[in-house]
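Summary of structural features
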Amino acid sequence: MNLLHAAVFGAVQGVTEFLPVSSSAHLRIASVLTGWHAPGRAFTAATQLGAEAAVLVYFRRDIGAMTRAWGRSFVRPAARADPGARLGWSIAVGSVPIGVLGPALHDTLAPAFHDLRLVALGLIALGVLLAAADHWARDDRAAPEPRWRDTVLIGLAQTLALMPGASRTGGSLAAALFAGYGRAAAVRYSLLLAVPAVLGSGAYGLVRGAAAHSGGYVPGAVATALFAAAVAAAVGYAALTWFMRFIAAHTFGGFMVYRTAAGFLLLALLAAGSLPVVA
């Protein structure tokens, strides 16, 4: 992979990682439309980690305060009532479903991500789900301090990332909206909840990628992946900054329309034979 390809795939990862549009679907579609080889497991893992660095930087104060409060709650029971500690425990518990199901189902579900029909259907289905959540959900909580019922619901919804065309952010956002979160609070909680999942997924991808290269990584490939990760981080930070400002004053309507339109367009192109069904 040359630097141009790396820059494009890194930018696509950065733009779509935090928006409820499915980064995996867009990487697959970008590969098909350009005719370039799809990114490998290790390369994708590197760009995921690069994009997630944007979250760590953007929410650095929140994450730092939450981590300190959560750590204190281990040794001081009274500290468990601290909102930061409660958020830390919520994220720890909410990360269990994807932490268990992700590694267990990855190899079984991975081939489905190559079927563009399933990618299209996933784009449409989650668009409809997000539309329902955005329309009917309450908007009565500004801060992400979830009840345990919410934690389980949103954690399970995050496992939609295991399905082609779905979205980790979209699934957890929809669940948070159904649970009564305001839009900005739902985004913030969803992105914080995704941190352990994305870091774990990225590390898992790097380890599996290394295992597939018994002779070790080629230095040039490592440099290209690091470059793509840097692009994903920079673009991801810009996209995240825009998204947080946008959602403070708007609904998710534009993302719902985009997802469903993209899904139907993809189905039309497949029906016309303009794109291969499996890519």
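It should be noted that the structure appears before, not after, this text.
Structural notes, computed from the coordinates. (Residues numbered from 1 in each chain as written. Predicted model: local features only at pLDDT ≥ 70, side-chain atom pairs only at ≥ 80, totals over all residues. Heavy atoms only, no water.)

Looking at the packing of aromatic side chains
The criterion, for reference: Any Phe, Tyr or Trp ring, taking Trp's six-membered ring, that has another such ring centre within 6.5 Å forms a pair; planes under 30 degrees apart are called stacked, those over 60 apart edge-to-face, and the others tilted. Every helix listed is a DSSP run of H or I at least four residues long, and every strand listed is a run of E at least two residues long, numbered separately from the N terminus. The rule is simple: take the accessible area with a 1.4 Å probe, protein chains only, and divide by the maximum for that residue type; under 20% is buried, over 50% is exposed, in between is partly exposed.
For the structure shown, the criterion picks out eleven aromatic pairs. Relative to F74, the ring of W70 has its centre 5.1 Å away and its plane inclined at 70°; by these criteria the two rings are edge-to-face. Here W70 pairs with F74, and both are found in helix α4 (residues 60-75), just four residues apart, close to one helical turn. Relative accessible area serves as the criterion here: at 47%, F74 is assigned to the partly exposed category. Ring centres 5.1 Å apart and planes at 40° place the aromatic pair F74 and W89 in the tilted group. Of the two residues, F74 sits in helix α4 while W89 sits in helix α5 (residues 83-94), which places them 15 residues apart along the sequence.

Here we look at the layout of surface pockets
Threshold: In this analysis the probe radius is 1.4 Å and the grid spacing 1 Å, with only protein atoms considered; a cavity is a set of points the probe fits into but cannot get out of, a pocket is an open set with protein on both sides within 12 Å along at least five of seven lines, and lining residues have an atom within 4 Å of a point. Grid points are joined across faces, edges and corners, and a volume is the space filled by probe spheres set on the points. Three categories are distinguished: nonpolar for Ala, Val, Leu, Ile, Met, Phe, Trp, Tyr, Cys and Pro, charged for Asp, Glu, Lys and Arg, and polar for the others, with Gly belonging to the last.
Taken as a whole, the largest pocket spans an internal volume of roughly 1100 Å³. In this structure, the largest pocket is lined by 42 residues; those nearest its centre are T44, Q48, H106, F113 and S201. Of all the secondary-structure elements, those providing two or more residues to the lining of the largest pocket are α1 (3-16), α2 (23-34), α3 (41-58), α6 (96-109), α9 (168-178) and α10 (183-212). Looking at the lining of the largest pocket element by element, the count peaks at seven residues for α6. Residue composition of the lining of the largest pocket, by class: 20 nonpolar, 18 polar and four charged.

With respect to the environment of A175
What counts, and what does not: Contact criterion: two residues are considered in contact whenever any of their non-hydrogen atoms come within 4.5 Å of each other.
Along the polypeptide, A175 turns up in helix α9. By relative accessible area, which is 6% here, A175 ends up buried. Separated by eleven residues in sequence, A175 and P164 place their C-alpha atoms 18 Å apart. Once residues lying within four places of it in the same chain are set aside, the contact partners of A175 are L153, I154 and A157.

Here's the deal with empty space enclosed by the protein
In this approach the atoms are scanned with a rolling probe the size of a water molecule, which exposes any empty space left behind. As enumerated under the stated definition, the model contains one cavity of 30 Å³ or more in all. Approximately 40 Å³ is the volume attributed to the largest cavity. Residue lining of the largest cavity: E17, F18, E52, V55, R168, T169, L191, A194 and V198, and that is the complete set. Where the lining of the largest cavity is concerned, the elements lending two or more residues are α3, α9 and α10. Class assignment for the residues of the lining of the largest cavity results in five nonpolar, one polar and three charged.

Let's talk about the packing of α1 against α3
Short version of the rule: Axis geometry follows a simple rule: fit a line to the C-alpha atoms, using only the stretch in contact for helices, then measure angles between N-to-C directions, giving values from 0 to 180 degrees. An angle below 35 degrees is read as roughly parallel, one above 145 as roughly antiparallel, one from 65 to 115 as roughly perpendicular, and any other as oblique. The hand of a helix crossing depends on one turn: near helix anticlockwise from the far one by less than a right angle means left-handed, and clockwise means right-handed.
Their axes nearest at 9 Å, the elements α1 and α3 cross at an angle of 50°. On the basis of their axis angle, the class for α1 and α3 is oblique. The handedness of the crossing between α1 and α3 comes out as right-handed. In this structure, α1 contributes A6, F9, G10, Q13 and G14 to the contact, and α3 contributes F43, T44, T47, Q48 and A51. Each residue belonging to the contact of α1 with α3 can be placed in one class, and the counts come to four nonpolar, six polar and no charged.

Overview of the nonpolar core
Generally speaking, a soluble globular protein has its nonpolar side chains buried in company with each other. What counts, and what does not: Only buried residues count toward a nonpolar core. Its members are Ala, Val, Leu, Ile, Met, Phe, Trp, Tyr and Cys residues joined through side-chain atoms within 4.5 Å.
F59, Y181, V187 and F252 are the most contacted members of the largest nonpolar core, which has 38 residues in total. Per-element tally for this core: the top contributor is α10, with eight residues. Leave out the neighbours within four places in its chain, and F252 touches P20, L130, D134, L173, L177, R183, V187, F243 and I247. Residues L116, V119, A120 and L275 belong to the second largest nonpolar core, which totals ten residues.

Digging into α4
Going by this rule: What a helix is expected to span follows from its residue count: subtract one and scale by 1.5 Å.
Taking 1.5 Å per residue as the helical rise, α4 with its 16 residues ought to reach 22 Å, and the 24 Å between its terminal C-alpha atoms agrees with that figure. Every buried residue of α4 is accounted for by I63, G64, M66, A69 and S73.

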